[in-house]
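Single-letter residue listing:
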Amino acid sequence: LYTYGGHQKGVDDLAWSPDGKCIVSGGADNAVWVWDASTGAHSQLYNSHTDSVNSVVWFPDGRLIASASSDGTIQVWDAKTMQSVYKHTQGTVIQCIACSPDGKRVVSGGNNTILQVWDATSGSHLVTYTGHSPGAEGKNYIVDVAWCPKDERIASACDDETVRVWDGRN
């Protein structure tokens, strides 16, 4: 139906808006683009990361978008104005993020084989989960995270050849 052009390097992740009217994409060009899904027209550009954008997520209410980057930051911004709400520095490559079903928390995973949960409004750290194996020379990393839509469980997939399920109520 459409081909969305604008990224200057590979596109690494994308997500539909909750209402299905837009698509957000992030890529190796450090940029996050928002597209009108019915026309394919580019509607917004967020260009505040200093390294590849590895993961993007739309909050359930559609007002906010979060992006995670190899620059070690999670950035949350207003989907309409593209203004930054907050920037959280994790200090290590962030490969993936997911938003809780209620939109109140964000979970992140990356090259340090730990999961971290953040308050979605303030960016303050809430809890850290450990258990994935760092592997030889610490080379394993968490490649994906998902919040169960029905309860508080979080699942993570890692290069250590495991999927782990965590109790997200902690």
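Here the residue numbering is sequential within each chain, running from 1 through the sequence in written order. Residues qualify for local features only when their pLDDT is at least 70, as the model is predicted, and side-chain atom pairs are given and counted only at 80 or more; totals for whole chains, interfaces and linings, by contrast, use all residues. Hydrogens and water molecules were not included; the side-chain quantities draw on all heavy atoms of the structure.

Novice: Help me understand the overall build of the protein in this model?
Specialist: Strands here are runs of E lasting at least two residues and helices are runs of H or I lasting at least four, both read from the DSSP assignment and numbered beginning at the N terminus. On a plain count of helices and strands, the protein comes out with zero helices and 15 strands. Taken over C-alpha atoms, the radius of gyration is set against a globule rule of 2.2 Å times the number of residues to the power 0.38. For the protein, whose C-alpha radius of gyration is 15 Å, the value lies close to the compact-globule estimate of 15 Å for 170 residues. Projecting the C-alpha coordinates of the protein onto the three principal axes gives extents of approximately 45 × 30 × 30 Å. Here's how the labels work: a residue is buried when its accessible area is under 20% of the maximum for its type, exposed when over 50%, partly exposed in between, all with a 1.4 Å probe on protein chains only. Put simply, the protein has 170 residues, and 47% of those count as buried. Pairs at least 24 residues apart make up 38% of the contacts formed inside the protein by residues separated by at least 6 positions. Total accessible area on the protein stands at roughly 8,300 Å², and carbon and sulfur atoms take up 49% of it. Should any heavy atoms of two residues lie within 4.5 Å, those residues are counted as being in contact. Calculation of accessible area relied on Shrake-Rupley with a 1.4 Å probe; when residues are assessed, cover is drawn exclusively from the protein chains displayed.

Novice: When you look at the sheet that holds strand β2 (residues 22–27) in this model, what are you seeing that I'm missing?
Specialist: Sheets are built from strands paired through backbone hydrogen bonds, the pairs being either parallel or antiparallel. Pairing between strands is defined by DSSP: at least two bridges between the two strands are required. Spatially, four strands are ordered β1-β2-β3-β4 in an open sheet, and the strand pairing comes out antiparallel. Single-partner strands in this sheet number two, and they are β1 (11–16) and β4 (42–46). Across the sheet, the mean angle separating the axes of adjacent strands is 20° when strand polarity is ignored. Axis definition: a line fitted to C-alpha atoms, over the contacting stretch in the case of helices. Angles run 0 to 180 degrees between N-to-C directions.

Novice: Got a minute to help me understand the pattern of salt bridges in this structure?
Specialist: Side chains that differ in charge, positive against negative, can pair when their charged atoms come close. In the sections that follow, a salt bridge refers to a side-chain nitrogen of Lys or Arg positioned within 4 Å of a carboxyl oxygen of Asp or Glu. Counting across every chain of the model gives four salt bridges. The residue R105 makes a salt bridge to E152 at a minimum N-O spacing of 2.8 Å. Placement of the pair is R105 in strand β10 (residues 105–110) and E152 in the loop between β13 (142–147) and β14 (153–158), with a sequence separation of 47 residues. Owing to a relative accessible area of 14%, R105 belongs among the buried residues under this scheme. Two residues, R153 and D151, come together in a salt bridge whose shortest N-O distance is 3.0 Å. The exposure class of R153 is partly exposed, given its relative accessible area of 42%. Among the ionic contacts, a cluster of salt bridges with common partners joins D102, R105 and E152.

Everything listed is a geometric property; what it means functionally is a separate question.
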